[in-house]
Amino acid sequence: MKTVRLTVAQALVRYLAAQYVVAEDGTREQLFGGVWAIFGHGNVAGLGEALYAMRDALPTFRAHNEQGMALAAAAYAKAHFRRRMMAVTTSIGPGCNNLVTAAATAHVNRLPMLLLPGDIFITRAPDPVLQQVEDFHDGGVSAADTLRPVSRYFDRIVVPEQLLTALPRAIAYLTDPALCGPVTLALPQDVQALAHDWPESFFNERTIRFRQPPAEAAELAELAAILKNAKRPLIVTGGGVLYSQGGVAALRQFADKHGIPVGETHGGKGALAWDHPLLAGSIGVTGSPAANALAQDADVVLAVGTRLQDFTTGSHALYAQAKLLSINVNTFDAIKWGGCSIQADATAGLTALSAELGDWHSEANWDTQARRLCDAWRRQVAEIVVSSRAALPTYAEAIGAVQASATDSAANDIVVCAAGTLPAELHKLWRTSRPGGYHMEYGYSCMGYEVAGGLGAKMAQPEREVIVMVGDGSYMMLNNELATSVMLGHKIIVVLLDNAGYACINRLQQACGGAQFNNMYEHCLTGPDGAPTIDFEMNARSLGAAAETVHTVAEFAEAMQRARASKKSYLISLQVDGPQCTPEGGSWWQVGIPEVSERSEVNAARERFEEALRKQRV
């Protein structure tokens, strides 16, 4: 057996560079689009040297914050529909811990990324080293262990030979349709530097084949029997449809053939074009009037590739009367609500179920009603995004102006968002006709995802215009990867809608009967100089981006044209009416409201809460 002598770090990098996938056009491309790295104590000497030697085969990107670069990696995988991914490496202490939020975001959203944090010396000879977390009861604990709960697979490499097992396992988890998520390989810094004689065959190029598990005959027959007796079925589409190769076409063909309207989750938005006659739009807490009305009348709900989050189900109250059927590649998600399920890939499941149904079609009146509601909502959206409801510009008007600024009806745009008011507004109002045009991180709703996520999406889809829509609160949490986008030459447009605080949570606080407290700047404790006046234009310029501040929708529309024409990242700051959001649609959402309070508003909210609980599916 031929061998090659390499360090652990060198072997790891060479192995990653040898993993390939087949692109949609039939060409091969590397599974890993590169490695994000902020070097420090624990990874600069070993892994840093190995990455330098392989920099032409596997590029290394530097960011400004470990959380930001890992969020960019998550967005990169999402924008590639989980077919390509990135690795991320950090130092042993604070750098490693900065990964936890991003890893949790990827974990909840079922997105692959390989985390390679440096770790303490496995020999413990120099303990405690700089940045070491010392556990008084367990000598084997390090900062990297904080990644265990948010990793699908975790391993600590303590001897070189361990890589021969750990790396294939890592790739298997990263590319598994059901188990997909973050994988952590903790790398003690002394082990990174150890040399070993590796089999040359270990570094042979390998092409990954993504599995699409088929449906079992018994499960198909059970679901088909229930659907054939349904009169008013509804499909709820999730991210699994987009991640399944062929899922978009399979969903469209299934809906058309059997006359079933479709409500879309945040993760599933874009699986059907916005103008499809059976697309009812967003569903759930941030749902459209059309989708939620159909959900309340449906006798059967077919959930495809969705994890049935509380926002999707109205905290299990929106379609509690319906029989639930699920098609999901993941058993954990397929069995939720105790409904009947097919554990299969979305494409395989929909195709096989359609064949089992034959010529069955929903009730004619239901088909007609659904098409009428869908059409009415499309026409209503067209009015909402151009009509002024407040003295200041609204979120809806900003969304309308962004879409109107595109010469191709925004077919090539990717909108990126994650938290605050904008997810609700975009879920209802954003129109996309291409899969991936709606890039919403709402599995974890991680504030700070937006700018980093926009960078990751642009790196994955450089030919598309990436528009980050973000509130001032989320922007202030993590905006420094705007500088990274400038440094790497990946232009993004940041539309910053300034409402002077956390307006979304402020509204929720009031809806729960609470006083306005600690969310908007005007309701916070401040010093003698009062709340800060933040110049977002100046901030963006200081990070190397082009930027401007506008005050009206007309000015904003003109600024969007300049932003689209710009060759580098561009930020537009617009003050909006914080309390004003689109009132159409929506459903109940369960929030813990106190049973006892001195505020009459809280007591009234509690009464409404208890009434809503009686409609909840248990």
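Structure: see above.
Only a predicted model underlies this, so the values are computations on that prediction, with no experimental measurement involved.

(A) Representation of the overall build of the chain in the model. Within the chain one finds 24 helices and 23 strands. Radius of gyration (C-alpha) of the chain: 25 Å, near the 25 Å computed for a compact globule of 618 residues. If you line up the chain on its principal axes, its C-alpha atoms span 70 × 70 × 55 Å. Burial statistics for the chain: of 618 residues in total, 59% are counted as buried. Considering only intrachain contacts with a sequence separation of at least 6, the fraction spanning at least 24 residues in the chain is 76%. If you sum the accessible surface of the chain, you get close to 24,200 Å²; carbon and sulfur atoms cover 52% of it. Side chains of the chain carry 51 positive and 62 negative charges; the gap between the two charge centres is 5 Å.

(B) Expanded view of the pairing of strand β16 (residues 323–328). Most of β16 sits out of view: 5 of its 6 residues are buried. Bridge count between strand β15 (residues 300–304) and β16: 5 bridges; the pairing is parallel. Bridge pairing in β16 places Val-304 opposite Ile-327.

(C) Highlighting the packing of helix α16 (residues 395–404) against helix α23 (residues 553–565). Running from N to C, α16 and α23 point in directions that differ by 40 degrees, and their axes come no closer than 9 Å. Classified by the angle their axes make, α16 and α23 are oblique. Judged by the twist between their axes, the crossing of α16 over α23 is right-handed. Between α16, through Glu-397, Ala-398, Ala-401 and Val-402, and α23, the contact on the second element is made entirely by Val-553, Phe-556, Met-560 and Arg-564.

(D) Expanded view of a nonpolar patch on the surface. Nonpolar side chains collect at one region of the surface, where Met-447, Met-477, Tyr-502 and Ile-505 lie side by side and expose about 340 Å² of accessible area between them. For Met-477, the position within the fold is in helix α19 (residues 472–477).

(E) Layout of the environment of Gly-305. Among the secondary structure elements, Gly-305 is positioned in the loop between β15 and α12 (310–313). Linking Gly-305 and Ser-244, residues 61 residues apart in sequence, is a C-alpha distance of 8.9 Å. Here Gly-305 is in contact with Gly-238, Gly-239, Gly-240, Ile-327 and Asn-328, once residues within four sequence places are set aside.

(F) Main features of the side chain of Lys-458. Along the chain, Lys-458 falls in helix α18 (residues 449–460). We note that Lys-458 is buried and unpaired, the nearest opposite charge coming from Glu-465 at a distance of 4.6 Å. Beyond its immediate sequence surroundings of up to four residues, Lys-458 is in contact with Arg-464, Glu-465, Val-466, His-490, Lys-491 and Ile-492.

(G) Here's a closer look at the environment of Leu-163. Turning to its location among the elements, Leu-163 is positioned in helix α6 (residues 163–175). Considering only alpha carbons, one finds Leu-163 and Met-1, 162 residues apart in sequence, at a separation of 18 Å. Setting aside residues no more than four positions away along its own chain, Leu-163 makes contact with Val-8, Ala-11, Leu-12, Ile-157, Pro-168, Trp-198 and Phe-202.

How each quantity is defined
- Residues numbered from 1 in each chain as written.
- Predicted model: local features only at pLDDT ≥ 70, side-chain atom pairs only at ≥ 80, totals over all residues.
- Heavy atoms only, no water.
- Helix = DSSP H or I, 4+ residues; strand = E, 2+ residues; numbered from the N terminus.
- Rg over C-alpha atoms; globule rule 2.2 N^0.38 Å.
- Buried < 20%, exposed > 50% of the residue type's maximum accessible area, 1.4 Å probe, protein only.
- Contact = heavy atoms within 4.5 Å.
- Areas by Shrake-Rupley, 256 points an atom, 1.4 Å probe, with all protein chains shown as cover.
- Lys, Arg positive; Asp, Glu negative; His and termini not counted.
- Charge placed at Lys NZ, Arg CZ, Asp CG, Glu CD.
- Pairing = 2+ DSSP bridges.
- Axes fitted to C-alpha atoms, helices over the stretch in contact; angles between N-to-C directions.
- Parallel < 35°, antiparallel > 145°, perpendicular 65-115°, else oblique.
- Left-handed = near helix turned anticlockwise from the far one by under 90°.
- Patch = residues over 30% accessible without salt bridge, like charges linked within 9 Å, V, L, I, M, F, W, Y side chains within 5 Å.
- Salt bridge = Lys/Arg side-chain N within 4 Å of Asp/Glu carboxyl O.

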